[in-house]
Amino acid sequence: MPWPSWQADDPTDRKRDSAVLNQVYRDDDADLRHLSGRTVAVLGYGIQGRAQALCLRDSQVQVLVGTSSSPGQPSWEAAELDGFPVMSIAEATKRADVLDFLVADPAQPTVYEESIGGNLSAGQTLVFGHGFNVLYGLIQPPADVNVTLFVPNGPGHVVREKYLAGSGIYGAVAVEQDATGDAMDVVLAVAKGVGSTRVGVVEVDFCSETEGDNFEEQVLYGGTIALMRATFEVMVEHGYPPYFAYAKAIRSLRSVVDVMDDLGIEEYISRRSSRTCEFAVRMTGPRVVNRAEIERVFEETSRGDFAADWVTEWQRGMMHLHRMRRTGAASQMEQVGREWRDTFGR
């Protein structure tokens, strides 16, 4: 599928409305009765699809599963073993009122074109798990259906674990197109059925969710992993034992992230760490972070450069990603990590 003609607004002209960004919905703001008498089709039975389907069913929502696989293939068999009615995505689209579209982002445009678009009916609600394809025009739903977004902020197994524990995982909701007048009610009901309103979901727009997610993954995930690798490599190159360097590069960080999340960064730095650690964090930490480069990544993301590069990479068979996977898997750090976990446990 060709990349559409698209250009982002000037990022400086897209300041978010802080009141909208701070609107948080909880259980009392959502009502599962908006799904009463309606069928939710979970389209895609992967990591996120399975978790959401199980949670919705446990919340007494009528759920069926649509999959691109065929009978006997893994995702079809998994959904059947879990007790769901399973069918093609095209058939599920025809039967359902709410379509929870959880196919992998790069595959969504083709799946939509082949199985969904021609089978939609007026008044249905599309629920996307990421705004990417709508924001960049790769999927353009008709004007007579609701176009919404529900994103639990975590992988599927955590979504399910939190639900079963009586809690939930923070998420985001958005409405891009309200054809029926109750699109927000419907997507909030989905969020409640999955458990996210137990802790809260924040209202965003498709642009904020998509660009924020892409920016976070590049800077926070990518940057953190690059810092861990650099820490390991520099220590080993200067004669430190690899096991010791690995523990410093990964396990040490793991041990403090949850504390910072639970109590706050300043509480950890000022009261839960040593004074030596506090001095190191405050005085040296900023030196290893290139703020100007972070700003450039933000601008590139806002212009759509990252999105265009990713779609091109997918269309070309992910040649660069496959090469980088091989290189990463063969690295000394990965080898030491496997040995470290076998020796010291997880």
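All figures in this text were calculated on a predicted structure; none of them were measured in a lab.

1. Focus: the overall build of the protein
Along its length, the protein carries 16 helices and nine strands. Principal axes of the C-alpha set define a box for the protein whose edges measure 65 × 50 × 45 Å. Going through the 346 residues of the protein one by one, you find that 40% of them count as buried. At a minimum sequence separation of 6, the contacts of the protein that also span at least 24 residues come to 68%. If you sum the accessible surface of the protein, you get close to 18700 Å²; carbon and sulfur atoms cover 52% of it. Between the averaged position of the 33 positive side-chain charges in the protein and that of its 49 negative side-chain charges there is a distance of 8 Å.

2. Some words on the packing of helix α2 (residues 47-58) against helix α8 (residues 183-194)
Between α2 and α8, whose axes approach to 7 Å, the crossing angle comes to 90°. As summarised for this structure, α2 and α8 are arranged roughly perpendicular, according to the angle between their axes. Contact with α2, carried on its side by Gln 52, Cys 55 and Leu 56, involves Val 190, Gly 193 and Val 194 of α8 and no other residues of that element. Of the residues assigned to the contact of α2 with α8, the class counts are four nonpolar, two polar and no charged.

3. What to know about the pairing of strand β6 (residues 125-128)
Side-chain alternation along β6 places Thr 125 and Val 127 on one buried face and Leu 126 and Phe 128 on a second face that is also buried. Note on the crossover from strand β5 (residues 98-101) through helix α5 (residues 108-116) to β6: the handedness is right-handed. Looking at chain direction, β6 and strand β7 (residues 146-152) are connected through four bridges and run parallel. Bridge assignment links Phe 128 to a residue of β7, and that residue is Leu 149.

4. Description of the UniProt feature "domain: KARI C-terminal knotted" (unreviewed entry) in the protein
Mapped onto this numbering, the UniProt entry annotates "domain: KARI C-terminal knotted" (unreviewed entry) at residues 205-346. Split by type, residues 205-346 is 84% helix and 0% strand. Its first and last C-alpha atoms lie 38 Å apart.

5. Quick notes on the side chain of Ser 115
Structurally, Ser 115 can be placed in helix α5. Since its relative accessible area comes to 18%, Ser 115 is described here as buried.

6. Topic: the packing of helix α11 (residues 265-272) against helix α12 (residues 275-283)
A pair of packed helices is captured by two measures, namely the crossing angle of their axes and the spacing between those axes. Contact pair α11 / α12: the axes reach a minimum separation of 8 Å and the direction vectors enclose 135°. Judged by the inter-axis angle, α11 sits oblique to α12. For the pair α11 and α12, the contacting residues are Glu 266, Tyr 268, Ile 269, Ser 270 and Arg 271 in the first and Arg 275, Cys 277, Glu 278, Val 281 and Arg 282 in the second.

7. Looking at the confidence of the model for the protein
Counting all residues, the mean pLDDT for the protein is 91, and 94% of those residues have values of 70 or more. Scored below 50 in pLDDT, residues 1-19 makes 32 contacts in the model with residues more than four places away or belonging to other chains.

8. Some thoughts on the nonpolar core
Leu 35, Leu 56, Phe 150 and Val 173 are the most contacted members of the largest nonpolar core, which has 35 residues in total. At the level of elements, β2 (39-43), α2, β3 (62-67), α3 (74-81), α7 (156-164) and α8 are the ones that each hand at least two residues to this core. Sorting elements by how many residues they give to this core places α8 first, with eight residues. Excluding residues that lie within four positions of it along the chain, Val 173 makes contacts with Tyr 25, Leu 149, Phe 150, Met 184, Val 187, Leu 188, Ala 191, Val 201, Val 202, Glu 203 and Val 204. One finds Leu 64, Ala 96, Leu 99 and Val 151 within the second-largest nonpolar core, a separate group that totals 27 residues.

Calculation rules
- Residues numbered from 1 in each chain as written.
- Predicted model: local features only at pLDDT ≥ 70, side-chain atom pairs only at ≥ 80, totals over all residues.
- Heavy atoms only, no water.
- Helix = DSSP H or I, 4+ residues; strand = E, 2+ residues; numbered from the N terminus.
- Buried < 20%, exposed > 50% of the residue type's maximum accessible area, 1.4 Å probe, protein only.
- Contact = heavy atoms within 4.5 Å.
- Areas by Shrake-Rupley, 256 points an atom, 1.4 Å probe, with all protein chains shown as cover.
- Lys, Arg positive; Asp, Glu negative; His and termini not counted.
- Charge placed at Lys NZ, Arg CZ, Asp CG, Glu CD.
- Axes fitted to C-alpha atoms, helices over the stretch in contact; angles between N-to-C directions.
- Parallel < 35°, antiparallel > 145°, perpendicular 65-115°, else oblique.
- Nonpolar A, V, L, I, M, F, W, Y, C, P; charged D, E, K, R; others polar.
- Right-handed = clockwise from strand over helix to strand, strands pointing away.
- Pairing = 2+ DSSP bridges.
- UniProt positions renumbered as here; feature names shortened; annotations may be inferred.
- pLDDT = per-residue confidence, 0-100.
- Core = buried A, V, L, I, M, F, W, Y, C linked by side-chain atoms within 4.5 Å.

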